[in-house]
Amino acid sequence: MDARLPGSVLFCCTMNSVRSPMAEGILKALYPKQVFVDSAGVRKEKVDPLAVEVMDEIGLDIGKHRSKTFDDLEDSSFDLIISLSPEAQHTAVDMTRTMACDVEFWNTFDPTIVEGTREQRLAAYRTVRDVLNKKIRERFTKR
């Protein structure tokens, strides 16, 4: 196994409805059996339909994603936690104070704040999806 490939990864963001489910879906597709991948939020909200739509465009289904908070996690022991929002970063750092776990902060734009036409909003979600896809592939793909 590649030294850059942890056994378990948690992606976290503010609501666990857009960014972290996207990241979870991408990494699970890359390493379906090699890495345990989960996601959580500081708070939870139903998965965003626009996130589901833009992930479907690349062949990944996150429509069945069940949003959860850090408190809802069945297991809080991860090799790596990647936080995608400042609020999630603070929670992840607090959670790991007494754990042997790496925490990385990938400050990722929140596409839910974009206003405009449906196409303008979808474009923002696609940008986030593509940025996450690129970062995940750079961080976890074997060389």
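Provided above is the structure to which this section pertains.
Calculation notes
- Residues numbered from 1 in each chain as written.
- Predicted model: local features only at pLDDT ≥ 70, side-chain atom pairs only at ≥ 80, totals over all residues.
- Heavy atoms only, no water.
- Pairing = 2+ DSSP bridges.
- Helix = DSSP H or I, 4+ residues; strand = E, 2+ residues; numbered from the N terminus.
- Axes fitted to C-alpha atoms, helices over the stretch in contact; angles between N-to-C directions.
- Contact = heavy atoms within 4.5 Å.
- Salt bridge = Lys/Arg side-chain N within 4 Å of Asp/Glu carboxyl O.
- Buried < 20%, exposed > 50% of the residue type's maximum accessible area, 1.4 Å probe, protein only.
- Left-handed = near helix turned anticlockwise from the far one by under 90°.
- Nonpolar A, V, L, I, M, F, W, Y, C, P; charged D, E, K, R; others polar.
- Lys, Arg positive; Asp, Glu negative; His and termini not counted.
- Arc of directions from axis to C-beta.
- Phe/Tyr/Trp six-rings, centres within 6.5 Å; stacked < 30°, edge-to-face > 60°.
- Expected span 1.5 Å × (residues − 1).

Asks: How do you make sense of the sheet that holds strand S4 (residues 102-105) when you look at a structure like this?
Replies: Strand pairs in the sheet, formed through backbone hydrogen bonds, run parallel or antiparallel to each other. What the 4 strands build is an open sheet, ordered S2-S1-S3-S4; its pairing is parallel. The outermost strands of the open sheet, each flanked by one partner alone, are strand S2 (36-41) and S4. Sheet twist, expressed as the average angle between the axes of neighbouring strands with direction ignored, equals 20 degrees. Sheet topology note: the strand S1 (residues 8-13)/strand S3 (residues 80-83) ladder contains 4 bridges and is parallel. Looking at S3, one finds that Val 9 is bridged to Leu 80. Running at roughly 170 degrees to S4, helix H3 (residues 86-95) makes contact with S1, S3 and S4 of the sheet.

Asks: Got a minute to help me understand the pattern of salt bridges in this structure?
Replies: Once their charged atoms are close, side chains differing in charge can pair, the charge on each being opposite to the other. Scanning all chains against the criterion turns up 13 salt bridges. A salt bridge links Glu 104 to Arg 139; the nearest nitrogen and oxygen atoms lie 3.0 Å apart. A residue pair is termed long-range when its members are at least 10 positions apart, and Glu 104 in strand S4 and Arg 139 in helix H4 (residues 118-140) qualify at 35 residues. Connected via shared salt-bridge partners are Glu 57, Glu 119, Arg 126, Arg 129 and Asp 130.

Asks: I tried to follow the environment of Leu 80 on my own but got confused; where do I start?
Replies: Relative to the helices and strands, Leu 80 resides in strand S3. Residue class for Leu 80 comes out buried when judged on its relative accessible area of 1%. Leu 80 sits 74 residues away from Pro 6 along the chain, and the two C-alpha atoms are 6.8 Å apart. When near neighbours in sequence (up to four residues on either side) are disregarded, Leu 80 contacts Pro 6, Ser 8, Val 9, Leu 10, Cys 101, Asp 102, Glu 104, Arg 139 and Phe 140.

Asks: What is the right way to look at the packing of helix H2 (residues 49-56) against H4 in this model?
Replies: For any two helices packed against each other, the geometry is given by the interaxial angle and the distance between the axes. Across the interface, H2 lies against H4 with an axial gap of 9 Å and an inter-helix angle of 65 degrees. Regarding H2 and H4, the two cross each other, and that crossing is right-handed. Contacts between H2 and H4 involve Leu 50, Ala 51, Glu 53, Val 54 and Met 55 from the first element and Arg 118, Arg 121, Leu 122, Tyr 125, Arg 126 and Arg 129 from the second. Looking at the contact of H2 with H4, its residues break down into 6 nonpolar, no polar and 5 charged.

Asks: Hey, could you run me through the side chain of Asp 48 in this one?
Replies: Structurally, the position occupied by Asp 48 is in the loop between S2 and H2. Within the buried core, Asp 48 has no salt-bridge partner, and the shortest N-O distance to an opposite charge, that of Arg 121, equals 5.6 Å. Not counting residues up to four positions away in its chain, the partners in contact with Asp 48 are Ser 17, Val 18, Thr 112 and Tyr 125.

Asks: Honestly, H3 in this entry has me stumped. Any pointers?
Replies: Residues separated by three or four positions in an α-helix point in the same direction, a consequence of the helix having 3.6 residues per turn. Within H3, burial applies to Ala 88, Gln 89 and Ala 92. Looking straight down H3, one finds that the buried residues subtend no more than 105 degrees of arc, so they occupy a single side. Elements that come into contact with the buried residues of H3 comprise S1, S3 and S4.

Asks: Please explain the packing of aromatic side chains as it appears in this structure.
Replies: Where two aromatic rings form a pair, the distance of their centres and the angle of their planes describe that pair. Here the structure, examined in full by the defined rule, presents 2 aromatic pairs. Between Phe 36 and Phe 78, the aromatic rings sit 6.2 Å apart at their centres with planes inclined by 25 degrees, giving stacked as the arrangement. Within this pair, whereas Phe 36 is found in strand S2, its partner Phe 78 is found in the loop between H2 and S3, the two being separated by 42 residues in sequence.

Asks: Where do I start with helix H1 (residues 19-30) in this structure?
Replies: Under the 1.5 Å per step criterion, the end-to-end length of H1 is 17 Å for 12 residues, consistent within 8% with the ideal 16 Å. The buried fraction of H1 amounts to 9 of the 12 residues, a majority that puts the element mostly inside the structure. Taken as a whole, H1 has its buried residues at Arg 19, Ser 20, Pro 21, Met 22, Ala 23, Glu 24, Gly 25, Ile 26 and Leu 27. Against S1, S2, H2 and H4 lie the buried residues of H1.

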